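Chain residues, written in single-letter form:
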Amino acid sequence: MNAGIILAKLRQKQTPTREELAWMAQGLANGEVSDAQAGAFSMAVCLNGLSDVGRVALTLAMRDSGRTLRWDLDGPVLDKHSTGGVGDCVSLILAPALAACGAYVPMISGRGLGHTGGTLDKLEAVPGVSTQLSEDQLRGIVRQVGCAIVGATGDIAPADKRLYAVRDVCSTVDSLDLITASILSKKLAAGLDGLVLDVKIGSGAFMKTLEEGQALAEALTKTANAAKCRTTAVISDMSQPLVPSVGNALEVAEVMRILSGRGRGPIIDVAAALGGVLLANAGLAQDVQEGADAVVHAIRKGYAAERFARMLSALGGPVNFVDNWKRFLPEATVIRQVTAPHDGFVARIDGEALGRAVVGLGGGRLRETDRVNPAVGLSDVVRLGTQVTRGQTLAVVHAVRSDQADAAARAVLGALTLAGSRPKVPELILERVG
């Protein structure tokens, strides 16, 4: 076998065999497949797609390109994954909340991809935190704390690590087949008892319509359940950021307000919906509603904050971060308000445009080698349906330089549509699949 034969098949809209896809995954992992061939493979799959059988085969091949974990714990091993959104920091709230409810959560997460932020980038906005751990370190933290949010070790789904970076820089992020294989190869390698997937749709997500979200949810749940990991997908709306901030340190600040009992908003509803499914499927709650109530209880009573503090300390962060988080988070040097040019209602928010504005500020990556500035981003972003008057703040830009702040301010104004009547705000939780 060689990459040329496999790429020729994909170009001709044929699905490679299971053995060919296994060879490609191993080649991505061990370097036998070149960067050019990896990019060509990514683009070919994105343009021409795989069959259902091919999608499962690629996912399992990428899982089997490295080690898979096995656990011996006194509770279920659960995890959650989001398909990507703007202002989506649910993982930082849900992982410790699930641990407080009796689950173990080895959450293997990713970095920023395209216009969406990455959980690892957000977590590493906390000084000292390192998310690159050995397998032994991961096992120790999960056993002692109940949760650990980390990057994949070099020997867990190494084919995905290679392809993930390629997708981010060659415009193939939104491929259904590649999204499925990327998400599930890491999750299945983690040895989970249960998984819930937050499939985002709307302007801030990769999938823009309900139909696209349903297709991805079906692909993900069918593939994961075929691999004997009990999986449900929740389709949720991403027509606006989940929290009023977009940017790594700024989103961590929102998380801390919520974990300390001072924050409110839709992010808690999403965390409850996802956690309720997981706890019910794992037998830690009688039904989804009881599970959702348990998650909210863990957040409101401070149990999730306590687990989060222990996890951060175990990852190298400050021991007293939860009590003094404002002191530790980095701040931008240029702060600029973006104001409404006229009266109206916020009728539409282009979440992707907001995400790309943050990338332009240095809060994301244009190239895989780019370093992320954790301090930059947007805060105080208005909600859909808000009535504003001329001169009222629509968002606040956090930047390093004035010219970057100017560009971001223009992007924000272009991303927000003001109209003469109040729009209908979409439901937050749309449906469950699987």
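This text gives an overview of the structure that appears in the document. What you see is a predicted model, and the numbers here were worked out from it, not measured in a lab.

### Some thoughts on helix H7 (residues 135-145)
One turn of the α-helix equals 3.6 residues, which is why residues spaced by three or four share an orientation.
And step 1. Of the residues making up H7, those classed as buried are Glu135, Leu138, Ile141, Val142 and Val145. All buried residues of H7 project into a common sector of 130° when viewed along the axis, lining one side. Opposite the buried face of H7, by more than 90 degrees, sit the exposed residues Asp136, Arg143 and Gln144.
And step 2. The secondary structure elements touched by the buried residues of H7 are helix H5 (90-100), strand S2 (105-109), strand S3 (147-151) and helix H14 (303-314).
And step 3. Following H7 by one or two positions, Gly146 adopts a phi angle in the positive range, close to 105°.

### Remarks on the sheet that holds strand S12 (residues 429-433)
Strand pairing within a sheet occurs via backbone hydrogen bonds; the two strands may be parallel or antiparallel.
And step 1. What the 4 strands build is an open sheet, ordered S1-S4-S5-S12; its pairing is mixed. Single-partner strands in this sheet number two, and they are strand S1 (78-82) and S12. Direction aside, the axes of adjacent strands within the sheet are offset by 20° on average.
And step 2. Sitting on the sheet, helix H9 (residues 176-189) touches S1 and strand S4 (194-201), and the angle it makes with S1 is about 165°.
And step 3. Helix H12 (residues 266-281) rests against S1, S4, strand S5 (230-237) and S12 of the sheet, and its axis sits at about 150° to S4.

### Observations concerning the sheet that holds strand S8 (residues 377-379)
And step 1. Reading across from one edge, S6-S10-S8 is the order of the 3 strands in this open sheet, with antiparallel pairing throughout. Of all the strands in the sheet, just strand S6 (334-339) and S8 have a single pairing partner and so form its edges. Each neighbouring strand pair of the sheet contributes to a mean axis angle of 30°, computed without reference to strand direction.
And step 2. The pairing of S8 with strand S10 (residues 393-399) spans 3 bridges and is classified as antiparallel. Its bridge partner being in S10, Gly377 is matched across the sheet by His398.
And step 3. Its contacts with the sheet put helix H16 (residues 351-363) on S8 and S10, and the angle it makes with S8 is roughly 130°.
And step 4. Its contacts with the sheet put helix H17 (residues 402-415) on S6, S8 and S10, and the angle it makes with S6 is roughly 25°.

What counts as what
Residues numbered from 1 in each chain as written. Predicted model: local features only at pLDDT ≥ 70, side-chain atom pairs only at ≥ 80, totals over all residues. Heavy atoms only, no water. Buried < 20%, exposed > 50% of the residue type's maximum accessible area, 1.4 Å probe, protein only. Helix = DSSP H or I, 4+ residues; strand = E, 2+ residues; numbered from the N terminus. Arc of directions from axis to C-beta. Contact = heavy atoms within 4.5 Å. Pairing = 2+ DSSP bridges. Axes fitted to C-alpha atoms, helices over the stretch in contact; angles between N-to-C directions.

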